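Chain by chain, the residues:
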Amino acid sequence: MIQAGELDHEIRIYRKVGVKDAYGEIQYEDELFDTDWAKREDLTTVKDNERVMDKAQRITFGITKWTFRYRNDLRTTMFFKDEEDAIFEIVGEPIMIGRRHFVAFNTESRDND
């Protein structure tokens, strides 16, 4: 079982908000939704030769699992930033741990070479 003291990373949670510009077009901006404490667990790194988005760019993906005290207000359209401003996009559905005491999210981060 996870102990509360293991939630040692302060995470900022962001969501995309649509705002109309002067021409009536919707522009999406990042809005700070909340801050919370989480446990970080780096799961794996996918090599750039296994997954390439653009042939002109070499991209490495990292999968990280973040565990929070239980909350049901986080969506897969949101993303996290850690203390170093690294961006982690939520992939997949939340994972319940225990009797809704904790919830975990797998996230993906990208590094461009």
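Just so it is clear, the structure is predicted and the values come from calculations on it, not from any experiment.

Calculation criteria
The written sequence of each chain sets the order in which its residues are numbered from 1. Per-residue local features are limited, in this predicted model, to residues with pLDDT of at least 70; the limit for side-chain atom pairs, both in listing and counting, is 80 or more; totals at the level of whole chains, interfaces and linings are taken over all residues. Note that the side-chain values use all heavy atoms of the structure and ignore hydrogens as well as water. Comment: elements are numbered from the N terminus, with helices defined as DSSP H or I runs of at least four residues and strands as E runs of at least two. The criterion used for residue contact is that any of the two residues' heavy atoms lie within 4.5 Å. Surface accessibility follows the Shrake-Rupley procedure with a 1.4 Å probe radius. Residue values consider only the protein chains on display as shielding. We define a salt bridge as a contact between a side-chain nitrogen of Lys or Arg and a carboxyl oxygen of Asp or Glu at a distance within 4 Å. Partly exposed residues are those whose accessible area sits between 20% and 50% of the maximum for their type, while under 20% is buried and over 50% is exposed, using a 1.4 Å probe and protein chains only.

Caption draft 1: Structural view of the overall build of the chain. Helix and strand counts for the chain stand at zero helices and seven strands. Reading the helices (α) and strands (β) of the chain from amino to carboxyl end gives β-β-β-β-β-β-β. A separation of at least 24 residues holds for 57% of the contacts in the chain among residues at least 6 apart in sequence. Carbon and sulfur atoms provide 44% of the accessible area of the chain, an area that totals close to 7700 Å².

Caption draft 2: Layout of the pattern of salt bridges. Considering all chains together, one arrives at nine salt bridges under this definition. Between aspartate 30 and lysine 16 there is a salt bridge, with its nearest N and O atoms 2.7 Å apart. Within this pair, whereas aspartate 30 is found in strand S2 (residues 26-46), its partner lysine 16 is found in strand S1 (residues 9-20), the two being separated by 14 residues in sequence. The class for aspartate 30 is partly exposed, based on a relative accessible area of 43%. Taking relative accessible area as the criterion, lysine 16 reaches 48% and is therefore assigned partly exposed. With a closest N to O distance of 2.7 Å, arginine 71 and aspartate 34 form a salt bridge. Remark: aspartate 34 occurs in strand S2 and arginine 71 occurs in the loop between strand S3 (59-69) and strand S4 (79-81); sequence separation between them is 37 residues. With relative accessibility at 29%, the residue aspartate 34 sits in the partly exposed group. Each of the salt bridges in this network shares a partner with another, and the network as a whole consists of Asp34, Asp36, Arg71 and Asp73.

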